[in-house]
Amino acid sequence: LAATNRLDLIDPALLRPGRFEIVLRLTPPNEEERAEILRLHLRGRSIAPDLDLKTLAALTPGWTGAELAALCRRAAYIALERHLVLGGSGVPRISQDDLLAAQTQIAAERGGRVDD
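Here is a short report on the structure shown in this document. Model, not experiment: these values are computed from the prediction. Counting restarts for each chain: residues are numbered from 1 in the order of the written sequence. It should be noted that, the model being predicted, local features are given only for residues of pLDDT at least 70 and side-chain atom pairs only at 80 or more, the latter also being counted only at that level, while totals for whole chains, interfaces and linings use all residues. Side-chain calculation: all heavy atoms of the structure are included, whereas hydrogens and water are not.

## Some points on the environment of C72
Here comes step 1: Note on placement: C72 falls in helix α3 (residues 65-86).
Here comes step 2: Each C-alpha atom, one on C72 and one on E109, is 15 Å from the other, the two residues being 37 residues apart in sequence.
Here comes step 3: The criterion used for residue contact is that any of the two residues' heavy atoms lie within 4.5 Å. Once residues within four sequence positions are removed from consideration, C72 is found in contact with L38, H41, L42 and I94. The numbering of helices and of strands both runs from the N terminus, where a helix is a DSSP run of H or I of at least 4 residues and a strand a run of E of at least 2.

Next comes the structure, spelled out in structure tokens:
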């Protein structure tokens, strides 16, 4: 079992029968699927009531499930940092602003790349 987004770099000998002979091509999730992936990765976390995952999904075309999971983790770190700096009490909540800040940071790291 292997995964890559650069099949063109795989030695053809590895794709022969008896090795990695079956190639499954997966497309990036659509907007509705991205919203669901975000919902799943935020499940069990403390979130603010103002979250609009549809808006966030619209801002992430071409993002993979792994990148969306990273977005949720980064937003949690941003929320925690904000909470500590402000000296908040209780459990920090992930807000829409935290998710948007995380999206901006990750988009910059991706270099605006959209996967095919």
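Moving on from the coordinates now.
## A word on the side chain of D98
Here comes step 1: With respect to the helices and strands, the residue D98 is situated in helix α4 (residues 96-110).
Here comes step 2: Contacts of D98, omitting those with residues within four sequence positions, involve A75, I78, A79, R82 and R93.

## A look at the nonpolar core
Here comes step 1: Counting 18 residues, the largest nonpolar core has L38, L42, L68, L71, I94 and L99 as its most contacted members.
Here comes step 2: Every element with two or more residues in this core is listed here: α1 (31-42), α2 (53-58), α3 and α4.
Here comes step 3: With seven residues, α3 is the largest single contributor of residues to this core.
Here comes step 4: For L99, the contacting residues outside a window of four places in its chain are L42, L51, L53, L56, L71, A75 and I94. Among the buried residues, those of types Ala, Val, Leu, Ile, Met, Phe, Trp, Tyr and Cys that are joined through side-chain atoms within 4.5 Å form a nonpolar core. The classification of residues rests on relative accessible area computed with a 1.4 Å probe and restricted to protein chains. Under 20% of the type maximum is buried, over 50% is exposed, and intermediate values are partly exposed.

## Focus: a nonpolar patch on the surface
Here comes step 1: A patch consists of residues exposed above 30% relative accessible area that lack any salt bridge, with like charges linked at up to 9 Å and nonpolar side chains (Val, Leu, Ile, Met, Phe, Trp, Tyr) linked at up to 5 Å. Accessible surface is estimated by sampling points in the Shrake-Rupley manner with a 1.4 Å probe; for residues, cover comes only from the protein chains shown. One side-chain nitrogen of Lys or Arg within 4 Å of one carboxyl oxygen of Asp or Glu is enough to make a salt bridge. There is a patch of nonpolar side chains on the surface, built from I22, L24 and L26 and spanning about 430 Å² of accessible area.
Here comes step 2: Summarising the element assignment, I22 is placed in the segment before α1.
Here comes step 3: On the accessibility criterion, I22 (67% relative accessible area) is exposed.

## Observations regarding the environment of P17
Here comes step 1: Its location among the elements puts P17 in the segment before α1.
Here comes step 2: Separated by 18 residues in the primary sequence, P17 and A35 place their C-alpha atoms 38 Å from one another.

## Observations regarding α4
Here comes step 1: Expected span, for any helix, means 1.5 Å times one less than how many residues it has. In this model α4 runs 21 Å from its N-terminal to its C-terminal C-alpha over 15 residues, within 8% of the 21 Å that 1.5 Å per residue would give.
Here comes step 2: Every buried residue belonging to α4 is among Q96, D98, L99, A102, Q103, I106 and R110, and all of these are buried. When α4 is viewed along its axis, its buried side chains cluster within an angular range of 155° and face the same direction. Counted as exposed and oriented over 90 degrees from the buried face of α4: D97, T104 and A108.
Here comes step 3: Looking at the buried positions of α4, the neighbouring elements they touch are α1, α2 and α3. Here the arc refers to the set of directions running from the helix axis out to each C-beta atom.

All we've got here are geometric facts, nothing functional implied.
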